[in-house]
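Structural characterization, general
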Amino acid sequence: ERLATMLAPYVNAKGVLVMESPDPDVLLFKQGLDLRLQQFEEDCKMIQATERRLQQKIDEVASDYEQAVSGVVLNSDSRIFKRLREQQRQIELQQQEIDQTRF
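These remarks concern the structure in this document. Not measured: the values here are computed from a predicted model.

Summed over all chains, the structure comprises one salt bridge. The residue Asp 34 makes a salt bridge to Lys 30 at a minimum N-O spacing of 2.8 Å. Note that Asp 34 and Lys 30 are positioned in helix α2 (residues 24-102) at a spacing of four residues, about one turn of the helix.

Here we take up the environment of Asp 25. Of note, Asp 25 is situated in helix α2. Along the backbone, Asp 25 and Leu 35 are ten residues apart, and their C-alpha atoms lie at a distance of 15 Å.

Rules used throughout
- Residues numbered from 1 in each chain as written.
- Predicted model: local features only at pLDDT ≥ 70, side-chain atom pairs only at ≥ 80, totals over all residues.
- Heavy atoms only, no water.
- Salt bridge = Lys/Arg side-chain N within 4 Å of Asp/Glu carboxyl O.
- Helix = DSSP H or I, 4+ residues; strand = E, 2+ residues; numbered from the N terminus.

This is the structure in structure tokens:
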């Protein structure tokens, strides 16, 4: 908008820019816009790098969590199976006692 206002005196009725030599203010303004565009592009690259690092950390944490949960599950499963075998053995002993009592 500001650039359009600065260029308005140099635009003919057909909308063509007619300027013999560039106005120093216009050149300075364009350099400022170019610098801002360059800074914006650099900021975008930094944000993308940050996003990649964050995604990598999220993936690492998720993997660590899955491994921890898997370890807990395996540990719990082995304890449950051990307990189940103990109970099964106890039931067999009780069944033997019942059978001996009956006969």
